[in-house]
Structures are given as structure tokens and as C-alpha cells.
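# Descriptive analysis of the structure
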Amino acid sequence: MGVRDMTCCGSCLRYLMMFFNIIFSIIGFPIFVFGIVLVASPEWFMKAIDSKEINAILQDVGPDVLRTAAITLIVIGLVTFMLGILGCCGARSGNRCLLGLFFTFILIMVIAELAVGISAAVFKGKVEEILKDTMMDYFKNSLNSTQDMDNFHALERDYNCCGVDGIDDYKNTTQKCAIIGNVTTTATTVPEGCFAALEDAFMGAASILIGSGVGIGVIEIMALVFSIYLCRQFGRDEFVA
């Protein structure tokens, strides 16, 4: 079946396939470039954030974590860009091999995303425990460092919180919570710990991430369906460009 003989539905799916994959390429390329810049000049990223507490945390976890994040962005951006090119070329030329490769890679991505999602749900408690222990170690170390404590106080002021678990973290220390300043306060409302405050902030952002993930998943499923349909259409007869 040539392109002139395709049904209206087939033609619409073909052009939709091309459109979505062009969008993927447009999205993937800047992600790839940003990852490259992050690897080449992490100092630029630190200055761009312009947040003392976040910069302090990034410095505390070390450059390896930032480099790993940058490499991850490079891989994601490159894969997204190349898949976009692959799908667009396959739909445009009617090449069943390209469409088959596109289908295979998208299917692998869907399976990997499901595996990551399931792992995140299963190990959620363990990850929280590791993050909390890391934050507590930073807090304890900051008790003996004026600069680190200033950074932690900035975090407390930004999120209206005290310590890691609460104001009791300051007992038996010479330091004071930035927003209260006295562990014997008689305030009726005691601020929550900063770990809980950050967790609440993350969960607020997580809803956006989950929504975006669902949207991406739907697009990926559509891409799988479109590629199968076009493979069948183009396989019925020699494709005429």
C-alpha cells in the first residue's frame, strides 16, 4: 500500500507520529546539551541556582553525585533525541525496519520505567531512611561549623522548620534553631523538623512529576500502537514516498 492509497486514519496516524517525534527531538536536545554543560562546568550550575542551602547540600554530597545526575541527563536527552529522529524518519519513509527499532526501544523504555516505579514504591522506606540519615549527619557536622550551620539555618528559615526531626535536635548543644532561637520556647505550635518539611515540599512537587510521568506513559503507549499500525500498513505493499 503506497502513501497515496493509505486510509484517512492511516495518514493521520502517520503525520501524528511524525509530529510527536519531532517534539521528542526538540525536548531531548536541550536536555542533552544541559547535561553536557553540567559535566563541563558544574560551577556554572551552582551559581545559577543561587541558593546557599541547596549549594551546601550539593557540596556535601560531593561532585560525584552531580556528575552522575549530569550523565543521566545526557543519556536521557540523547535517547529521547535519537528516538524522535528514528520514529520521524520511520514514519516519513515508511521503513518498517526503522519503525520496528522504534517500537523495540520504546517498549524497553516502558518496561524500564515500570521497573523503576515498582522499585521506588518497594524501597520507598529505605530511601527515606538513607536520606534522613544523610541529613542528620550533615546537621551534626554543622554543629561544629559556622558556615554549615548558617546554611542549615537558611534552610530552617526558608521552610519554617527546626532541626532534622524537630527542635529537640538542638538539646544539649550550643546552637539554636533559626526561627525560634530557644529550645525552651513556650510557643503553642512547635515547628516540624526540616526533613518532614522537605518531604512535604517534595510530595507537592511529586504530584506534578507523577502527572507528567502518566502523560509520558500515555504518549509512549500511543507511540507503540502507532508504530505497529504503520508497520502493518507499510508492509502490505511497497511504500511510495
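Scope of this entry: the structure provided in the associated data block. (Residues numbered from 1 in each chain as written. Predicted model: local features only at pLDDT ≥ 70, side-chain atom pairs only at ≥ 80, totals over all residues. Heavy atoms only, no water.)

## A short note on the environment of T72
Under the convention used in this document: Helix and strand definitions here come from DSSP, where helices need a minimum of 4 consecutive H or I residues and strands a minimum of 2 consecutive E residues; each element is numbered from the N-terminal end. Only protein chains enter the accessibility calculation, which uses a 1.4 Å probe; a residue whose area is less than 20% of its type maximum is buried, one above 50% is exposed, and one in between is partly exposed.
With respect to the helices and strands, T72 occurs in helix α4 (residues 63–93). Judged by its relative accessible area of 40%, T72 falls in the partly exposed class. Spatially, the C-alpha atoms of T72 and F32 are 9.3 Å apart, while their sequence positions differ by 40 residues.

## A word on a nonpolar patch on the surface
Inclusion rule: Put simply, a patch holds well-exposed residues, over 30% relative accessible area, that have no salt bridge, with like charges counted together within 9 Å and Val, Leu, Ile, Met, Phe, Trp or Tyr side chains within 5 Å. Throughout, the Shrake-Rupley method with a 1.4 Å probe supplies accessible areas, and for residues the shown protein chains are the sole cover considered. The salt bridge criterion pairs a side-chain nitrogen of Lys or Arg with a carboxyl oxygen of Asp or Glu, the two atoms within 4 Å.
Among the surface-exposed residues, L114, I118, V122, F123, V127 and L131 lie close enough to one another that they form a single nonpolar patch of about 610 Å² accessible area. Looking at the nonpolar patch, the elements that each hand over two or more residues are α5 (96–122) and α6 (124–142). Top contributing element to the nonpolar patch by residue count: α5, with three residues. With respect to the helices and strands, the residue V122 is situated in helix α5.

## Let's talk about the environment of Y159
Condition: The contact criterion used is simple: two residues touch if any of their non-hydrogen atoms lie within 4.5 Å.
Within the secondary structure, Y159 sits in helix α7 (residues 146–159). With sequence-adjacent residues up to four places away left out, Y159 is seen in contact with A197, L198 and A201.

## Digging into the nonpolar core
Test applied: What makes a nonpolar core is a set of buried Ala, Val, Leu, Ile, Met, Phe, Trp, Tyr and Cys residues whose side-chain atoms join them at distances within 4.5 Å.
Ranked by internal contacts, the top residues of the largest apolar core, which has 17 residues, are M17, L83, A91, L99, F102, I106 and L230. Listing elements by their share of this core, those giving two or more residues are α1 (8–40), α4, α5 and α8 (194–235). With six residues, α8 is the largest single contributor of residues to this core.

## Some points on the packing of aromatic side chains
Operational definition: Two aromatic rings, drawn from Phe, Tyr or Trp (for Trp, its six-membered ring), form a pair once their centres lie within 6.5 Å of each other, and the interplanar angle then sorts them: stacked below 30 degrees, edge-to-face above 60, tilted otherwise. Both a distance and an angle decide whether a charge sits over a ring: NZ of Lys or CZ of Arg must be within 6 Å of the ring centre and within 35 degrees of the ring normal.
Overall, the coordinates contain four aromatic pairs when judged by the stated rule. Relative to F152, the ring of F139 lies with its centre 5.0 Å away and its plane at 55 degrees, an arrangement referred to as tilted. Of the two residues, F139 sits in helix α6 while F152 sits in helix α7, which places them 13 residues apart along the sequence. Put simply, the rings of F139, F152 and Y170 pair up and form one aromatic cluster. Above the plane of the ring of Y15 lies R14, whose end atom (NZ or CZ) is 5.1 Å from the centre.

## Quick look at the state of the cysteines
What is meant by a disulfide is a covalent connection between two cysteines, made through their sulfur atoms. Our working rule: A pair of cysteine sulfur atoms is labelled a disulfide when the two atoms are within 2.5 Å.
All told, the structure shown has two disulfides when counted by the stated rule. In this model, C161 is linked to C194 through a disulfide, with the two sulfur atoms separated by 2.1 Å. Here the disulfide of C161 and C194 is right-handed, its torsion about the S-S bond being about 90 degrees. Here C194 lies in helix α8 and C161 lies in the loop between α7 and α8, a separation of 33 residues in the sequence. Grouping residues by exposure puts C161 and C194 together as buried. Each sulfur of the disulfide joining C162 and C177 lies 1.9 Å from the other. Disulfide C162-C177: the torsion about the S-S bond is -85 degrees, which places it as left-handed. Of this pair, C162 sits in the loop between α7 and α8 while C177 sits in the loop between α7 and α8, and the two are 15 residues apart along the sequence. Each of the two residues, C162 as well as C177, counts as buried.

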